[in-house]
Amino acid sequence: MRALVLFVCLSVGCLAQRPKPCTSPPLLTGSLSVASQSEKLMAYAKYSYDALGKRIRLREFGSYNNKTFHFDVLLLFRERVMYKINYKNQTCCKKPLSADFHPMEIPRNASLLGQVVVGSSSGPGQGLLVNSWWGELQMKKGPAKYMSTVTEFGCIPVSTLFHTSSGWMVTNFFNNVIGLVDPQQLIPPRFCEGAQLEERLDEEPETFFSLF
């Protein structure tokens, strides 16, 4: 009996290990919302994410300074090219992309804020166990602080708060699906084949969040 109790205690101890930084699945499809300080920017986007091929597709609409906008972009980091796609006019704008690909992950040097249940822990299916982390990143324009929340099981992104000298931006992820629902979303449309590369480097996105 004592041996059984000892085994149970050891098992519980193993299950209650401290959360560790993690990497999200390499293939994800879902939706996200973005809001900035003072509600200057509010946007909603559907995304396709491929960490293996270093590709991201964003189809976004929202408002900036009380003006609505919509754009569809395909980021090909290996080719260092960004496509701005307009299906209505069947046009494509091809621009250089110098930004590095940053996988969805919790950096190894991140600090754990805590583990909580989003929703309720009173009954099955009423809550989601998540881990919140914080840290600092060195960006081209200076240091940036972040706070990211991911699921305990699967490391699925839930939310990220990004703060720089220009203010903060919060991103919420939802309706995430592991895998690519439509792999064609990460391939340039046929009408983009003849697009010429525009050498206007001043319009390059520097990070994933600078697209919003």
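Heads up: the structure comes first, above all this text.
Presented here is an overview of the structure given in this document. (Residues numbered from 1 in each chain as written. Predicted model: local features only at pLDDT ≥ 70, side-chain atom pairs only at ≥ 80, totals over all residues. Heavy atoms only, no water.)

1. Looking at unusual backbone geometry
Next up, step 1: One non-glycine residue, Lys54, lies in positive phi territory at about 55 degrees.
Next up, step 2: Overall, the relative accessible area of 35% leaves Lys54 in the partly exposed class.
Next up, step 3: Within the chain, Cys155 stands out as a residue other than glycine whose phi angle is a positive 55 degrees.
Next up, step 4: With respect to the secondary-structure elements, Cys155 resides in the loop between strand S9 (142-151) and strand S10 (157-164). (Buried < 20%, exposed > 50% of the residue type's maximum accessible area, 1.4 Å probe, protein only. Helix = DSSP H or I, 4+ residues; strand = E, 2+ residues; numbered from the N terminus.)

2. Remarks on the pattern of salt bridges
Next up, step 1: Using the criterion set out here, one finds four salt bridges in the structure.
Next up, step 2: Between Arg55 and Asp50 there is a salt bridge, and its shortest N-O distance comes to 2.8 Å.
Next up, step 3: On the basis of relative accessibility, which here comes to 21%, the residue Arg55 falls in the partly exposed class.
Next up, step 4: Salt-bridge contacts for Asp100 lead to Arg80; the nearest nitrogen and oxygen are separated by 3.4 Å. Highlighted residues: Asp100 in the loop between strand S6 (91-96) and strand S7 (111-119) and Arg80 in the loop between strand S4 (67-76) and strand S5 (81-86), separated in sequence by 20 residues.
Next up, step 5: Owing to a relative accessible area of 49%, Asp100 belongs among the partly exposed residues under this scheme.
Next up, step 6: On the accessibility criterion, Arg80 (41% relative accessible area) is partly exposed. (Salt bridge = Lys/Arg side-chain N within 4 Å of Asp/Glu carboxyl O.)

3. A closer look at a nonpolar patch on the surface
Next up, step 1: A contiguous nonpolar patch, built from Leu113, Trp134, Met147, Leu161 and Trp168 and spanning about 460 Å² of accessible area, is present on the exposed surface.
Next up, step 2: Inspection of the secondary structure puts Trp168 in strand S11 (residues 167-178).
Next up, step 3: When its relative accessible area of 34% is taken as the criterion, Trp168 is described as partly exposed. (Patch = residues over 30% accessible without salt bridge, like charges linked within 9 Å, V, L, I, M, F, W, Y side chains within 5 Å. Areas by Shrake-Rupley, 256 points an atom, 1.4 Å probe, with all protein chains shown as cover.)

4. Quick look at the state of the cysteines
Next up, step 1: If you walk through the whole model with that rule in mind, you get two disulfides.
Next up, step 2: Bridging Cys22 to Cys155, the disulfide has an S-S length of 2.0 Å. Measuring the twist about the S-S bond at about 75 degrees, one finds the Cys22-Cys155 disulfide to be right-handed. Of the two residues, Cys22 is situated in the loop between helix H1 (2-15) and strand S1 (27-36) and Cys155 in the loop between S9 and S10; the sequence distance between them amounts to 133 residues.
Next up, step 3: Among the residues examined, Cys155 registers a relative accessible area of 4% and is labelled buried.
Next up, step 4: Disulfide partner of Cys92: Cys192, at an S-S distance of 2.2 Å. Judged by the sign of its S-S torsion, about 95 degrees, the bond between Cys92 and Cys192 is right-handed. Taken as a pair, Cys92 in strand S6 and Cys192 in the segment after S11 lie far apart in primary sequence, 100 residues in all.
Next up, step 5: Taken in N- to C-terminal order, the disulfide-linked cysteines of the protein are connected 1-3, 2-4. (Disulfide = S-S within 2.5 Å.)

5. Let's talk about the pairing of S9
Next up, step 1: One ladder, built from ten bridges, connects strand S8 (residues 127-139) with S9; its direction is antiparallel. Pairing of Val130 across the sheet is with Thr151, part of S9.
Next up, step 2: Hairpin connection between S8 and S9: a loop of two residues separates the two successive antiparallel strands.
Next up, step 3: With six bridges joining them, S9 and S10 adopt antiparallel strand pairing. Bridging from a neighbouring strand, Tyr146 pairs with Phe162 of S10. (Pairing = 2+ DSSP bridges.)

6. Side note on the packing of aromatic side chains
Next up, step 1: Here the structure, examined in full by the defined rule, presents seven aromatic pairs.
Next up, step 2: Judged by centre distance (6.1 Å) and plane angle (20 degrees), the rings of Phe69 and Phe71 are stacked.
Next up, step 3: Residue class for Phe71 comes out partly exposed when judged on its relative accessible area of 22%.
Next up, step 4: Through successive ring pairs, a cluster of aromatic residues spans Tyr44, Phe61 and Phe174. (Phe/Tyr/Trp six-rings, centres within 6.5 Å; stacked < 30°, edge-to-face > 60°.)

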